[in-house]
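# Chain and residue survey
Spelled out, the chains give:
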Amino acid sequence: MIPRTLPAFLLALGLGALAGCASPAVITLNDGREIQAVDTPSYDEDSGFYEFEQLDGKRTRINKDQIRTVKEL
């Protein structure tokens with residue numbers, strides 16, 4: 001019985017660790033709209049855009065001049 005429970009335990013531990021890594025964020029634009037992101041947006045200094053994934057899985061890029069705040073939940 002131990003050989004069957006060990007892999008299940010390790011799988012559950014791994015999934016728990018991955019779930020703990022995500023930090024959802026709310027991005028508020030200058031016009032007042034709010035966009036929810038799966039994780040904290042990354043900023044690309046070369047292009048001047050924030051890149052993130054929305055809750056529906058869509059990858060999005062927004063110019064930093066259009067963003068008022070980025071808050072982690």
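Everything that follows concerns the structure shown earlier in this document.
Source: prediction; values computed, not measured.

Right, let's get into a negative patch on the surface. Together, D39, E53, D56 and E72 line one region of the surface with negative charge. Position of E72 among the secondary structure elements: in strand β6 (residues 67–72). Look at E72 and you get exposed, because its relative accessible area is 51%.

This part takes up the pairing of strand β2 (residues 34–37). Of the two faces of β2, the one holding I35 and A37 is buried and the one holding E34 and Q36 is not buried anywhere. In this structure, strand β1 (residues 25–29) lies alongside β2, joined through 4 bridges in antiparallel fashion. Directly across from I27, in β2, lies its bridge partner I35. Between β1 and β2, which pair antiparallel in sequence order, lie 4 residues; one of them, G32, sits at a positive phi of approximately 95°.

Let us look at the packing of aromatic side chains. Considering all chains together, one arrives at 1 aromatic pair under this definition. Taken together, a centroid distance of 4.9 Å and an interplanar angle of 45° make the contact between Y43 and Y50 tilted. Judged by relative accessible area, Y43 falls into the partly exposed class, the value being 33%. Accessibility expressed as a relative area gives 23% for Y50, which makes it partly exposed. Against the face of F49 rests R61, its NZ or CZ located 4.7 Å from the ring centre.

The next subject is the sheet that holds β2. If you walk across this open sheet you meet the 3 strands as β2-β1-β6, and the pairing is antiparallel. Because the sheet does not close on itself, it has two edges, and the strands there are β2 and β6. When the angles between neighbouring strand axes are averaged without regard to direction, this sheet yields 20°.

In this structure, I27, L29, I35, A37, F52, I62 and I67 together form the largest nonpolar core, which totals 7 residues. Those elements that provide at least two residues to this core are β1 and β2. When residues no more than four places from it in sequence are discounted, the contact partners of A37 are P24, A25, I27, F52, E53, Q54 and L55.

Conventions and cut-offs
Residues numbered from 1 in each chain as written. Predicted model: local features only at pLDDT ≥ 70, side-chain atom pairs only at ≥ 80, totals over all residues. Heavy atoms only, no water. Patch = residues over 30% accessible without salt bridge, like charges linked within 9 Å, V, L, I, M, F, W, Y side chains within 5 Å. Areas by Shrake-Rupley, 256 points an atom, 1.4 Å probe, with all protein chains shown as cover. Salt bridge = Lys/Arg side-chain N within 4 Å of Asp/Glu carboxyl O. Lys, Arg positive; Asp, Glu negative; His and termini not counted. Charge placed at Lys NZ, Arg CZ, Asp CG, Glu CD. Helix = DSSP H or I, 4+ residues; strand = E, 2+ residues; numbered from the N terminus. Buried < 20%, exposed > 50% of the residue type's maximum accessible area, 1.4 Å probe, protein only. Pairing = 2+ DSSP bridges. Phe/Tyr/Trp six-rings, centres within 6.5 Å; stacked < 30°, edge-to-face > 60°. Lys NZ or Arg CZ within 6 Å of the ring centre and 35° of its normal. Axes fitted to C-alpha atoms, helices over the stretch in contact; angles between N-to-C directions. Core = buried A, V, L, I, M, F, W, Y, C linked by side-chain atoms within 4.5 Å. Contact = heavy atoms within 4.5 Å.

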